[in-house]
Amino acid sequence: MLRAAGVLVLLGAIGACNEQEKTDSKVLVTVNGDDITARQLDAELWSAAADNADAARQPAVRRQALEALIDRQVLLDEARRNKIDRDPKVIQIVDRLKTQAIVQAYLESKASNLANASRQEIDAYFDAHPELFAQRKVFDVTQLTVAARDFGPSLKAVMDQARSLDQVALWLERNHIDYVKTQRSYTSADLPPEMAGKLRGLQRNSLFVMQDKGGGHDELCVLTDLRSSPVTKQAATAQIERYLLNRKMQEAAASEVARLRASAKLVYVEPPPELPLEKTSTKAVVAGISETR
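Residues numbered from 1 in each chain as written. Predicted model: local features only at pLDDT ≥ 70, side-chain atom pairs only at ≥ 80, totals over all residues. Heavy atoms only, no water.

A. Summary view of the overall build of the protein chain. When you go through the protein chain residue by residue, the secondary structure sums to 11 helices and 7 strands. Buried residues in the protein chain amount to 30% of all 293 residues. Considering only intrachain contacts with a sequence separation of at least 6, the fraction spanning at least 24 residues in the protein chain is 74%. Roughly 19,500 Å² of accessible area belongs to the protein chain as shown, and the carbon and sulfur atoms make up 53% of that amount. (Helix = DSSP H or I, 4+ residues; strand = E, 2+ residues; numbered from the N terminus. Buried < 20%, exposed > 50% of the residue type's maximum accessible area, 1.4 Å probe, protein only. Contact = heavy atoms within 4.5 Å. Areas by Shrake-Rupley, 256 points an atom, 1.4 Å probe, with all protein chains shown as cover.)

B. Representation of the packing of aromatic side chains in the model. Going through the model one piece at a time under the given rule, you end up with 3 aromatic pairs. Seen from their ring centres, Tyr-125 and Phe-133 are 6.3 Å apart, and the 70 degrees between their planes marks the pair as edge-to-face. Of the two residues, Tyr-125 and Phe-133, both sit in the buried class. Relative to Phe-133, the ring of Phe-126 lies with its centre 5.2 Å away and its plane at 20 degrees, an arrangement referred to as stacked. Classification of Phe-126 by relative accessible area gives buried; the value is 10%. Using a relative accessible area of 3% as the deciding quantity, one classes Phe-133 as buried. Ring pairs connect the aromatic residues Tyr-125, Phe-126, Phe-133 and Tyr-243, which therefore count as one cluster. (Phe/Tyr/Trp six-rings, centres within 6.5 Å; stacked < 30°, edge-to-face > 60°.)

C. Examining the packing of helix α7 (residues 119-128) against helix α11 (residues 233-263) more closely. In the contact formed by α7 and α11, the axes pass within 9 Å of each other and the chain directions differ by 105 degrees. Put simply, α7 runs roughly perpendicular to α11. Contact residues: Arg-119, Glu-121, Ile-122, Asp-123, Tyr-125, Phe-126 and Asp-127 in α7; Lys-233, Ala-236, Thr-237, Ile-240, Glu-241, Tyr-243, Leu-244, Arg-247 and Lys-248 in α11. (Axes fitted to C-alpha atoms, helices over the stretch in contact; angles between N-to-C directions. Parallel < 35°, antiparallel > 145°, perpendicular 65-115°, else oblique.)

D. Geometry of the nonpolar core. Leu-144, Leu-155, Met-159, Leu-165, Val-168, Leu-172 and Leu-220 are the most contacted members of the largest nonpolar core, which totals 16 residues. Residue assignment for this core shows that the elements contributing at least two residues are β3 (137-147), α8 (153-161), α9 (165-174), β5 (207-212) and β6 (217-228). Take this core: its biggest share by element is 4 residues, from α9. Residue contacts for Leu-144: discarding those within four places in its chain leaves Leu-165, Val-168, Ala-169, Leu-172, Tyr-179, Val-180, Lys-181, Asp-218, Glu-219 and Leu-220. Listed in part, the 13 residues of the second largest apolar core include Phe-139, Tyr-186, Met-195 and Leu-199. (Core = buried A, V, L, I, M, F, W, Y, C linked by side-chain atoms within 4.5 Å.)

E. Just helix α3 (residues 38-48), in detail. Every buried residue of α3 is accounted for by Ala-38, Gln-40, Leu-41 and Leu-45. All buried residues of α3 fall inside an arc of 160 degrees around its axis, so they share one side. What points out from α3, more than 90 degrees from its buried face, is the exposed set Trp-46 and Ser-47. (Arc of directions from axis to C-beta.)

F. Summary view of α8. All of the buried residues in α8 are Leu-155, Val-158 and Met-159. Taken around the axis of α8, the buried residues stretch over an arc of 100 degrees, which confines them to a single face. For α8, the exposed residues set more than 90 degrees away from the buried face come down to Pro-153 and Gln-161. In this fold, the buried residues of α8 make contact with β3, α9, β5 and β6.

In structure tokens, the structure reads:
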């Protein structure tokens, strides 16, 4: 509740703008004496649909956004009436989110002059990654999701010996282990390269385990189908362009942080905590994969 309230207060404060901005913009509606202006509505629409300017101009979309601003304002008024905005934990959350917004805006300003990827860069990336485009595969998978703590030696032995996922499900039921059965499709672009490579080498109806390190659960899987799904260079161009620009932005941000840290006066009051030798990406769908046979 406190986290949600902190976000609400921050968004309400940002949406309210300052008094000068209010006087410079047409008032659309007043809520308990507070104005909601055209400038605020435009900012809301820009934030929600930055990549779709046409949608932001549609009357129905603008009306929906205005109603959302009204909902936010009445909730903010009530939160303030209940002094939620004075809660120390809420204040801490607001300060953190405000800091993140300012830092993000600064990094974006430093990266604003970065050039879009050239045709040569796009072509080179496409040609260097056939597994993502020209040779892209789709893996259809049926999986049983279980808590990581339940994937012990006994269950691993069952996976090693089972001929079908139904046999595994029956064993789970007999041993009162909860699971969720789902159907999923992964492309070779969705998975880390080494995982996609291992899946390519499996036969249909092979059983395997996908482990999400740190996610608290494991997937007991069967590969039901493997098929080609190539993407043409023309279709992939926009995606590659966005990826290369984002990579340039990340590199620019890392360079700026390194520059500023080098010139900053940094004093550790206490010894810094030890860091792990390697960091695990939180964006990976699956952190590990192993075939059971």
